[in-house]
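Single-letter residue listing:
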Amino acid sequence: MEWPHARSPALTRRSALLYLTVLAGCATPPPAPDAAPARALVFPPAPDEPRFAWERVIRSSGDIVPDAQSSELRRMVTGEEVRGEPLSKPYAVAVYRGRIFVSDTVSRFVRLFDVPQGQQHRIGDDEGPGQLIKPTGLDVDAAGNLYVADIGAKAVLVYGSDRQFLRRIGGEKWFSRLSSVTVDPAGARVYAVDLGGVSSEQHRVRVFDAVSGAHLMDIGKRGSGPGEFNLPRDLAIGMGGRLYVVDGGNFRVVVFDASGRYLQSFGSVGKQYGQFARPKEVAVDRDGNVYVVDAAFGNFQIFNPDGELLMFVGDRSERDGPGKYMLPSGIAVDEDGRIYVVDQWFRKIDVYRPVALTAHSGYLARRPTAAAK
């Protein structure tokens, strides 16, 4: 598959919107969003061949749970908007067969939007061993089990496909600042990223047995050399078991093989194509392409498995709208190739669809009607 070159005229025009200033979150509500585009918003724009189309935005349970006929009629008469339960401060996202998991650091639980069932659920908000303190990174294995990195508990909490708490991995002695978690598809190994800090040397990836919780090995150490980290943020598993680690303080992605042996790195600090300013999370699609979301650029960049830039999507903006971001933090790619991007400032999840996938195809298209509920 050929992708538009990183220095195409269309991308050059859009690159003018990339800059490094980023506003910290505050209590002031963001401006009202711009309306959804009348025609499909595609990336890259003409004259390049489009690869992705902006599909929808999720801001609350009202965007997932179908309305009863009485509620729909009431809104037609009164003009009121769908309310639902809004996202407070979403951070990360993981998707499994149309089930969208979103961590919320203010609400202190993981919200599950079950699109095929038209339902929403909370995970980790009940008192007991499975209660979450401050959930950040998320991942799901091939069986639908959810893994949550809790920076407050300094542990990874695991929940079954039925949302019941199963076990806890790690704990106080294992992490300095637990940032994210990734599990291999078989549910055998858990990769927990320790962000470390200025006064900590624990900038590394800790690997555990996903079932027993036994510590297996560590990957990386603090530094700027090959295979070293400075404030690592996230990890994704690519083709052949390759490990892609976002090395935030070194402004790059570091690549290891399945055994943890260093292979290469790509990226550097700057505002040009393929560079980073504030990289946060990483995802990999079924073709092995690597997606890195950057909180300062307000976009995500797409690389091939070897780190060559293919394209980028999104613009940094102080006004909300499709493909507009102020503080993007999380990214995921589902089984159908749809992309999910979390923005903390605008409290939303933007969903993009590959143009080769029709709007009525895939797990996210399996939506129940109110009459069927």
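Residues numbered from 1 in each chain as written. Predicted model: local features only at pLDDT ≥ 70, side-chain atom pairs only at ≥ 80, totals over all residues. Heavy atoms only, no water.

Quick look at a positive patch on the surface now. Taken together, Lys89, Arg108, Lys134 and Arg177 make up a surface patch of like positive charges. Note that Lys134 resides in the loop between β6 (119–123) and β7 (135–140). (Patch = residues over 30% accessible without salt bridge, like charges linked within 9 Å, V, L, I, M, F, W, Y side chains within 5 Å. Areas by Shrake-Rupley, 256 points an atom, 1.4 Å probe, with all protein chains shown as cover. Salt bridge = Lys/Arg side-chain N within 4 Å of Asp/Glu carboxyl O. Lys, Arg positive; Asp, Glu negative; His and termini not counted. Charge placed at Lys NZ, Arg CZ, Asp CG, Glu CD. Helix = DSSP H or I, 4+ residues; strand = E, 2+ residues; numbered from the N terminus.)

Attention now moves to the sheet that holds β6. Within a sheet, adjacent strands bond to each other through the backbone by hydrogen bonds, running parallel or antiparallel. An order of β3-β4-β5-β6 is seen for the 4 strands of this open sheet, with the pairing classed as antiparallel. Two strands lie at the open edges of the sheet, namely β3 (90–96) and β6, each paired on one side alone. Mean inter-strand twist for the sheet, computed between neighbouring axes without regard to direction, equals 20°. Two elements, β3 and strand β4 (residues 99–104), share 5 bridges in a ladder whose sense is antiparallel. Along β4, the bridge assignment pairs Val93 with Val102. (Pairing = 2+ DSSP bridges. Axes fitted to C-alpha atoms, helices over the stretch in contact; angles between N-to-C directions.)

All right, on to the sheet that holds strand β8 (residues 146–150) then. Spatially, β7-β8-β9-β10 is the arrangement adopted by the 4 strands of the open sheet, whose pairing is antiparallel. Of all strands in the sheet, those with a lone pairing partner are β7 and β10 (165–170), marking the two edges. Across this sheet, the average inter-strand angle for adjacent strands is 20°, counted without regard to direction. As paired strands, strand β9 (residues 155–159) and β10 are joined by 5 bridges and run antiparallel to one another.

Considered as a void within the structure, the largest pocket measures approximately 1100 Å³ in volume. In terms of lining residues, the largest pocket is bounded by 46 residues, among which Val284, Asp285, Arg286, Val333 and Asp334 are the most central. Contributing elements (two or more residues each) for the lining of the largest pocket: β3, β7, β11 (178–183), β15 (232–237), β19 (279–284) and β25 (328–333). Counting residues per element, the lining of the largest pocket draws most heavily on β3, at 5 residues. Its residues assigned to classes, the lining of the largest pocket comprises 30 nonpolar, 3 polar and 13 charged. (1 Å grid on protein atoms, 1.4 Å probe; cavity = no way out; pocket = protein on both sides within 12 Å on 5 of 7 lines; lining within 4 Å. Points joined across faces, edges and corners; volume = space filled by probe spheres on them. Nonpolar A, V, L, I, M, F, W, Y, C, P; charged D, E, K, R; others polar.)

Of all 5 residues in β8, 5 are buried; the element is thus mostly enclosed. Residues Leu146, Val148 and Asp150 line one face of β8 and the alternating positions Tyr147 and Ala149 line the opposite face, and both faces are buried. Two strands pair when backbone bridges link them, and β7 and β8 are joined in this way by 4 bridges, in the antiparallel orientation. The partner of Asp139 across the bridge, within β8, is Tyr147. Hairpin connection of β7 to β8: 5 residues between the antiparallel strands, including Gly144 at a positive phi of 90°. As paired strands, β8 and β9 are joined by 5 bridges and run antiparallel to one another. Across the sheet, Ala149 pairs through a bridge with Val156, a residue of β9. Hairpin connection of β8 to β9: 4 residues between the antiparallel strands, including Lys154 at a positive phi of 55°. (Buried < 20%, exposed > 50% of the residue type's maximum accessible area, 1.4 Å probe, protein only.)

Among the 7 residues in strand β2 (residues 52–58), 6 count as buried, and that is most of the element. Here strand β1 (residues 42–43) pairs with β2 via 2 bridges, running antiparallel. Its bridge partner lying in β2, Phe43 is registered against Phe52. Two strands pair when backbone bridges link them, and β2 and strand β27 (residues 348–354) are joined in this way by 6 bridges, in the antiparallel orientation. The residue bridging Trp54 from the neighbouring strand is Tyr352, located in β27.

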